[in-house]
Structures are given as C-alpha cells and as structure tokens.
Amino acid sequence: MDEGGSRIRRRVSLPKRNRPSLGCIFVAPTAAELEPGDEGKEEEEMVAENRRRKTAGVLPVEHNDSEEDMFGDYDSFTENSFIAQVDDLEQKYMQLPEHKKHATDFATENLYSESIKNKLSITTIGNLTELQTDKHTENQSGYEGVTVEPGADLLYDVPTSQAIYFENLQKSSNDLGNCSMKERDWKSSSHNTVNEELPHNCIEQPQQNDEASSKVRISSDMNRRKSIKDHLKSAMTGNAKAQTPVFSRSKQLKDTLLSEEINVAKKTIESSSNDLGPFYSLPSKVRDLYAQFKGIEKLYEWQHTCLTLNSVQERKNLIYSLPTSGGKTLVAEILMLQELLCCRKDVLMILPYVAIVQEKLHMIGEGSRGATLEMTLAKILYTSRTTQIIGMSATLNNVEDLQKFLQAEYYTSQFRPVELKEYLKINDTIYEIDSKAENGMTFSRLLNYKYSETLKKMDPDHLVALVTEVIPNYSCLVFCPSKKNCENVAEMICKFLSKEYLKHKEKEKCEVIKNLKNIGNGNLCPVLKRTIPFGVAYHHSGLTSDERKLLEEAYSTGVLCLFTCTSTLAAGVNLPARRVILRAPYVAKEFLKRNQYKQMIGRAGRAGIDTIGESILILQEKDKQQVLELITRPLENCYSHLVQEFTKGIQTLFLSLIGLKIATNLDDIYHFMNGTFFGVQQKILLKEKSLWEITVESLRYLTEKGLLQKDTICKSEEEVQYNFHITKLGRASFKGTIDLAYCDILYRDLKKGLEGLVLESLLHLIYLTTPYDLVSQSNPDWMIYFRQFSQLSPAEQNVAAILGVSESFLGKKASGQAIRKKVDKDVVNRLYLSFVLYTLLKETNIWTVSEKFNMPRGYIQNLLTGAASFSSCVLHFCEGRARQLYSAGYKSLMHLANANPEVLIKTIDHLSRRQAKQIIASAKMLLHEKAEALQEEVEELLRLPSDFPGAVASSTDKA
C-alpha cells in the first residue's frame, strides 16, 4: 500500500478548483509513524490477500487492455499500481449479487486489517463526490498526519486521465443517485476527520428484498463496472476534442519570477528621474549583465561617442556605419534597451538573414528584399512621426540619399578593434595591398612550402600551405565560388594534412560526429565524416539548419578550425577567423563586387582573441587588373528596387496602402511615393517616365487585374478625385501576402481544384501548396521523375493527368525523345517539387528523400519550409470562403460534414452545387481521417506489450 500511495504524487494538468475528488486516497505514513516490522507485515498481508482472492473465487482484474504504461513508473497497469488498486476496490465493493458475500468479506479484510488501519492516515472524502472547500476540509488537509502540501487538493498528484475518469464516474453516480439508504450512509460517513476510524458497518452490503430496488442496484453496479480501458478511451477522446489547460509547476514558478521582475522594473522606472541609471541611462544591472555574459567591461570610444550624440538623446533617426567587427551590434542593443526600459515603447528589429545580425541598410539596394525593407520603412515614416529609426551598416556609399529618405543623422568611424591586413596571392608570390603604392600593392613574401608533384596537381592554388600556417591553433575561413567547390576543397585539404591534426581535440570532434548522426537519424554526410576528424568542415545552403547550427557551435568553440564556405556566410553568420582566404575573385560565375569583398574580408580578426586579422585573395594573372580596380574603387551606390521589382515592389505597396487605408486616393498615393527611397532617387532612376505616370500606370494595372476598384468622385466641375478600394481578390492576395505575379494563377488553380479535387491521396493538395517562386529553381532529373511517376497509384496518376502531365511525356523526356505536344513547363516543374514534398510526407526522412531525388538535403528542407509558409498564405488567401461559411453558422468540420448541399447553395454566394458537394465530401474525409488516427492511437496505447513482465506466465495460468 505504501508503494501505491507514494505513486500518486504526480502532477496533474488541471486547475485545482476544478479537480474532482477521489473516493479514498491513501497517503503514505512518514518513516517515524511506521513501527519496526510494519513493512514486513504489509508485504505478508498483501501476499495473504492475493491467496484469499484465489480461494474466494474472485478473479483479479484483467490488465490485457493496455499495451504500454500510460503513466510512466508511477501508475503502471500491474497489480500493485494505483489504478489497479482503485479498480480492485471498486470491483470488491460493487460485486454482483451472487458475489456479495465474497466482496464484503474481501473489502473488509483489505481495507481494515488491524496492522494497517492504525498506521496509515486515511483521508475519506465521499466516494465520487466533490472535495469540500470549507474550513473543515482545509483543516483536514493541514492535519499533521497527512503528507499533502498545504493548499493543495488531494487530486493534485493524480494523472489527468485518471482525474477525468473519476469525474465521469462522479457524473454517472449523480445520475444514479437513488441508490439504497445504506449506500448513501456510506457516502456521507466518509466525510470524517483525517485520522478517524471508519466503522465496520458502513461497508456492509444491505439485504434488499424489494425487486425494483434490486434492479436499480444491479443497473448501478453494471454501469460502475466499466473497464479502465473504456474510461481511458473516453478520456483520451475527450482530450483530443478539447485541450485540457496545462498548469505546470515549473511554468508557474517561471511566470511568478517573471512577474516579480516586471514589477521591480516598473517600480525602478516609476521611482527614477529621466536618468534611470549610470549606464547610458540604463540601470547598472544592465552593465553587470554585459560583463557577466559577454565579458564587456568597457565600451569602445566610438560607441560612447555614438550613444551620447545629441541626435540620439533627442530620439532622432540615426544611421551609423563602421567596418565589420567594429561593435555595431552592442550600440543597437543599448539603444533598444533604452527604448524598452526608459521610454517604455516597443522595438521592431528587422533581420535580413536567419542569423542574428542587425539590419544592414545596404540591403535596401538588393532586389525584392530591398524593396520589402524600403516599403516597411516608408510606411513607418508616413504613418508615425514619433517612431525612431536606427539603421546600421558596414558598407555604405551614397549615404546622403538614405539620410534624406530616413530623415536621419549620420555617424561614421573607421575604427576596427583588430587590425586587418589585406593580401593578394598570384602564383607563389604574396602581395600586401597598399593604397600608397603605385599599382596599389607591394611585395610581401614568397610562399615557402614543399610541394610534391601530386600535391601541385591537386592544389595548384597552394591552399594547403596557406591554411596550415594558421590551423589548428587559430581559425581559418576559405570562401569558395560554389557549393560543390566547398566540399571538394575541404576533402582535398584533409588528404594532405598530417595525422597530427587528428589528435587535436579528438574527443570533442568525435562528439560532433556523434551529434550529427543523432540529428540525421543515423545518417552522416560522407564528406563531413572524412573531414571533421581533421577539424575541417564545409558550410553552405546544402546543409540542414540543424547541421549548420551544430557545425557553427563547434567552430566557435575551436573544435573545428577550418570552414570552406560560400559567400552567404560572410554577411549571414558572425563567425570571425584569424585568416580569411578567398579562393577566387568570383561568386558563382560573376566577378566579385566591392561590397561583397568587404563583407568577406571583414570576417578576419576576432576581437578579444586575435591581435591581427589577415585576408588573402587568390587570383590568376588574367584577373590582376580587374582585381586592382576592385580593391581601389569606392563602394557601390545603393539604389531603390521598388519599381524594378514590379510585382514584389510598387504593386504590392499600392495594394497594401489601400488595403490598410494608409492612402486610398491618387493624390495621397503619389504623395507617399515621393517620400520613399525611390522618390528621393527618382531623378537618377527615371529617364522616360515621371513618378506620377508610373503611379497612375501601376494603379491602372491593379484595377485591370481585378485587385483594385476605382471610384470617381467629382468634387466640383473642374476637380475630379479618384478613390480606390480593394476587391475580394485583392484583399485575399494582400492578406495572404501572395506575390502578385502568381495571385491570378493561384486563384485559377484553386478554382480548378475545387471543381475536380482528387481526395483519394494528399498529392493534389500538396501540389496546390507548392510555392510558385521555387518553380524556377526546379531542374527535374527526368529519369527520377519518370520512375517516381511510375510508382504512383492510379488515383495519384489521375492528379498528374488533370494537371496535364502524362506518363508518355515523362517517358519521352527521360529517353531524350523530341516532344511535339506543348506542355506548361511551370506545371511540370511544380509537380516535380510536389513529388519531393509528397515523398517527404510519406518517408519523413530528409536524407532518404535527398538520395532518392539527388537533391541537397538543405534544399529539400528549404522547400519544406517554403511550402509550409506558402500553405499559410494560401489559407489566408482562401479566408473569404471560410469566412462566408463561418458567418453562415458552419463553424467546424462537423458542421460542414453534416451540411445539406442545397442549403449551402442558398446560403453561400457564388457557390455551385458541385462545389458544395465537394466541400461536404472534403469535410467528411478529414473527419474520418482524424477519427481513424485517434482510434489507432487509442488502440496502440491500450495494447499489452509483447515483452510485458508476467505476460507469458498469465497466459500459462489461463491455460
């Protein structure tokens, strides 16, 4: 009993006040309360009890309903478990009439053995009635004989499903409340004080002579004797339909602590003047935390100057520019903390990459990303005069344009905490870049490294010589033109490194390999398997996000000393190195830009670790003149892409301006455009058309496309004003953030899908949520495409047929035959990506899918992320129909599954009979799948495990 009692101390995810009570909860006595020999007596009595059970002819409760232990080590379905004891107690008390005598004797012996009743503290709280919350009960819970925390109710440690089980029993008990008087007496007598003994007569089975009363009793007994399995099924089904609020004790503590911290911060703010503390108006605690976690004891001089500028103190907009690694991030953090703590205002932090780096303003001149950034900033400037904008960058040239656009002050410095020396390598000679020299460079040294003939052929650029001067004691980055080149260079370097490199941090490197295998479900890239023991790894978009994170951590801690990487690492990840090597002055096939070059070499030199940083650009003689121009020319200017990126730029901007009602007439929209970065640069960027003409043309295009509707308002005989409002299609595109280049295609595809959606598999739905913007990157392997198509079921092949992709077409493409019939290339490529996603859905392992389609696993992960994001966009795009259904009273799948198509047609505008039937069929299918999944989950939970202890023995006993 001690074991059973102790096992109920388990957190339950239910609010205290709503927890039902338990008929009898046995609280284990303390060690002091048990006399010597008690434990032995208990065990003997339990053995005796089991013997009595067999001789009395009462069968033990069957436990074959459950496959696994639902409650861990606390509540297993073994004989001595808490649940089994509760079930035994119920069945002993609730025996059918023919077993009454056995049950009575059995229950009496079990509950009131003399050696136990005086040693255990028994809390008897009405069988299946709610816990009383009056003073009397509170006093009980605090009684010294009960080891329950003060204020906690007695079901606090009971598993959620078990609590729900008792709640259900309680309800059934209330429904069958007209039981015999003796039974009611038993219930009421259970409200005793904690250590009060229960009289023997309160559990005696009364002899009923009345036939009607006997029937009621039998009915009650039958109802109560539902198996644990049935109740668990019921509980789990209920949990699936409605989430039970989770009240974790650790979460409560965290919430309490957070609340306290917020209150302390509020009091500090309220009790202080404008200057909250000595650390740039921040409390000294902030300074202490920087020292503790980042090791920053003192700010650089430029940081102090920047933070004490009058423009910053007056909360004016600010742009500041410094070389990479100058400490810009710290200034941004302090400014944000000032805004949050001192001004008590919100902060929006815009990140250009997945990695945690602050907004770089030069990104405003980079394609659709730049257009999006410009639109965001322009809206803030137009709608709010009190919002402060802080922009920072390492690479800025035409800063005057940005200043004018952002109405900002400018601060710059050439400070760099670690000196950076730039070198060029041509053949065996290394030159130092020197702006004072005649041709921009001076001789530095000859590369002295003994190369074998084999090594010369394998490594004509002398990479092995350059990296071994640095690693393993210092870190090194080698930038390569392509992803494949990254992997090849990493392997090549490791082939010629001595075995001494294997010994450097050997255990840590083994741990990295082990962790990579774990996140890859046992899979490991063969290249990384060969290179990591040498402390070398590649880094590019072909890695999964988990792999990248793990490798970056290993590099930061010095376990890995060399990364071969693509240019994306330069701006996206803060991984500095002692030496940075540029494999060639190219990114892919394009010659390097000055901004890109500065970003890459800016990784060299680690503040607080190195005293110097080095960059070496490897070039061929043919590229010498172009490289010399590269290193001496100024940074490229930053230009607006708002108009160049037509669908992701100006059209999207106008749609959102009108959708958000920021500007809804032609004059206001034109005024807004003059305040954009494009408006500032219009004289430079516009040659043939004026800004007014471009504004009018863009609005006309959106109107013709059905995204906007124009209203003409005559203010007077001479003055006419054009107002615009957004259409349903426009609102769907705007709310779903759909690229306007694809919104009409998406609408057409969805409309076509609604008319003939194939629901026998998920392929058609996956196709509809495959992102359009990734289609251009799709380059199908036709043999793989044909093979995958051949493995589809007839229903899945029907999806391809509806889309216009046939098996014969793929067969001809795979065999290299000419195709006469015209097929939509975008549809073909999109379906190929859908095959990848569909295979990933069925197999779930990125590695397997990567091998099957011969695609980088990182690309597949990006495809999956893109599809998840696009499916959310499609959901918002389709919200119009969903809102119609919701407004009409169809608020759940169950409503739709039981709908009448004729009623739907009359209720919902523009809904055909076929579409109505399709909606109902889809709802029924989804409900059916959900029910099947729940049923499988229940059966899995309740099946007895094949290796369950005693399973063989019990089957032998039965035989």
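Everything numeric in this text was worked out from a predicted model, so none of it was measured.

With respect to the confidence of the model for the protein
When pLDDT is averaged along the protein, the result is 74; 67% of the residues meet or exceed 70. Note that pLDDT drops below 50 for residues 1-83; the model gives that stretch 187 contacts with residues more than four away or on any other chain. A low-confidence stretch, residues 178-210 stays under pLDDT 50, and its non-local contacts, those more than four residues away or across chains, total 60 contacts.

Concerning the sheet that holds strand 12 (residues 579-582)
Strand order in this open sheet of eight strands is 8-7-6-15-12-9-11-10, and the pairing throughout is mixed. The open sheet terminates on both sides in strands that have one partner only, identified here as strand 8 (441-446) and strand 10 (536-539). Taking each pair of neighbouring strands and ignoring which way they run, the sheet shows an average axis angle of 25 degrees. Note: strand 9 (residues 476-479) against strand 12, four bridges, orientation parallel.

Some thoughts on the pattern of salt bridges
Considering all chains together, one arrives at 18 salt bridges under this definition. Glu469 is paired through a salt bridge with Arg579; the nearest N and O atoms lie 2.7 Å apart. Remark: Arg579 occurs in strand 12 and Glu469 occurs in the loop between helix 19 (463-468) and strand 9; sequence separation between them is 110 residues. Residue classification places Arg579 among the buried positions, given a relative accessible area of 5%.

Overview of a negative patch on the surface
Where like charges cluster on the molecular surface, the negative patch consists of Glu929, Glu932, Glu936 and Glu939. Mapped onto the elements, Glu936 comes out in helix 45 (residues 913-942). Since its relative accessible area comes to 56%, Glu936 is described here as exposed.

Some words on the side chain of Asp461
Here Asp461 shows up in the loop between helix 18 (453-458) and helix 19. Once residues within four sequence positions are removed from consideration, Asp461 is found in contact with Lys425, Leu466, Arg583, Ile618 and Gln620.

A short note on the nonpolar core
Counting 87 residues, the largest nonpolar core has Phe654 and Val805 as its most contacted members. In contact with Val805, not counting residues within four places along its chain, are Tyr785, Phe789, Ala800, Leu810, Val827, Val828 and Leu831.

What about the sheet that holds strand 5 (residues 409-412)?
Pairing is parallel across the open sheet formed by three strands, whose spatial order is 4-3-5. Pairing within the sheet leaves two strands with one partner each, and these edge strands are strand 4 (390-393) and strand 5. Taking each pair of neighbouring strands and ignoring which way they run, the sheet shows an average axis angle of 15 degrees. In terms of strand pairing, strand 3 (residues 318-321) meets strand 4 through four bridges, oriented parallel. Bridge pairing in strand 4 links Ser321 to Ser393.

So, helix 39 (residues 825-843)
Between its first and last C-alpha atoms helix 39 spans 27 Å; for 19 residues at 1.5 Å apiece the expected length is 27 Å, and the two agree. Within helix 39, 14 of the 19 residues are buried, which leaves the element mostly enclosed by the surrounding structure. Remark: Thr844 follows helix 39 within two positions and exhibits a positive phi of approximately 65 degrees.

A closer look at the packing of aromatic side chains
Any pair of aromatic rings gets described here by the distance separating the centres and the angle formed by the planes. Following the criterion strictly, the structure yields 19 aromatic pairs and no others. Here the aromatic rings of Trp782 and Phe809 are separated by 6.2 Å at their centres, their planes lie at 90 degrees, and the arrangement is edge-to-face. Here Trp782, found in helix 36 (residues 782-790), pairs with Phe809, found in helix 38 (residues 807-815); they are 27 residues apart in sequence, far enough to count as distant. Judged by its relative accessible area of 22%, Trp782 falls in the partly exposed class. Chaining the aromatic ring pairs together yields one cluster made of Trp782, Tyr785, Phe809, Tyr832, Phe835 and Phe853. The side chain of Arg578 reaches across the aromatic face of Tyr474, ending 4.2 Å from its centre. The aromatic ring of Tyr772 is capped on one face by Arg830, whose charged end is 3.9 Å from the ring centroid.

Some thoughts on the environment of Arg820
By secondary structure assignment, the location of Arg820 is in the loop between helix 38 and helix 39. Using a relative accessible area of 87% as the deciding quantity, one classes Arg820 as exposed. C-alpha separation for the pair Arg820 and Phe809, spaced 11 residues apart in sequence, amounts to 9.6 Å.

What about a positive patch on the surface?
A cluster of basic residues, Lys661, Arg731, Lys735 and Arg883, forms a positive patch on the protein surface. With respect to the helices, strands and loops of the structure, Arg883 is situated in helix 42 (residues 879-887). Overall, Arg883 belongs to the partly exposed group, its relative accessible area being 47%.

Let's talk about unusual backbone geometry
Following Ile471, the chain continues into Pro472 via a peptide bond in cis, with omega recorded as 5 degrees. You can see Pro472 is positioned in the loop between helix 19 and strand 9. One non-glycine residue, Asn854, lies in the positive phi region at around 55 degrees. Relative to the helices and strands, Asn854 is located in the loop between helix 40 (846-853) and helix 41 (857-877). A residue is classified by how much of its surface remains accessible, and Asn854, at 61% relative accessible area, is exposed.

With respect to helix 38
Buried within helix 38 we find Phe809, Leu810 and Gly811. Looking at the packing, one finds that the buried side of helix 38 touches helix 36 and helix 39. Just downstream of helix 38, Gly816 is the residue with a positive phi angle, here 80 degrees.

So, how was this worked out
- Residues numbered from 1 in each chain as written.
- Predicted model: local features only at pLDDT ≥ 70, side-chain atom pairs only at ≥ 80, totals over all residues.
- Heavy atoms only, no water.
- pLDDT = per-residue confidence, 0-100.
- Contact = heavy atoms within 4.5 Å.
- Pairing = 2+ DSSP bridges.
- Helix = DSSP H or I, 4+ residues; strand = E, 2+ residues; numbered from the N terminus.
- Axes fitted to C-alpha atoms, helices over the stretch in contact; angles between N-to-C directions.
- Salt bridge = Lys/Arg side-chain N within 4 Å of Asp/Glu carboxyl O.
- Buried < 20%, exposed > 50% of the residue type's maximum accessible area, 1.4 Å probe, protein only.
- Patch = residues over 30% accessible without salt bridge, like charges linked within 9 Å, V, L, I, M, F, W, Y side chains within 5 Å.
- Areas by Shrake-Rupley, 256 points an atom, 1.4 Å probe, with all protein chains shown as cover.
- Lys, Arg positive; Asp, Glu negative; His and termini not counted.
- Charge placed at Lys NZ, Arg CZ, Asp CG, Glu CD.
- Core = buried A, V, L, I, M, F, W, Y, C linked by side-chain atoms within 4.5 Å.
- Expected span 1.5 Å × (residues − 1).
- Phe/Tyr/Trp six-rings, centres within 6.5 Å; stacked < 30°, edge-to-face > 60°.
- Lys NZ or Arg CZ within 6 Å of the ring centre and 35° of its normal.

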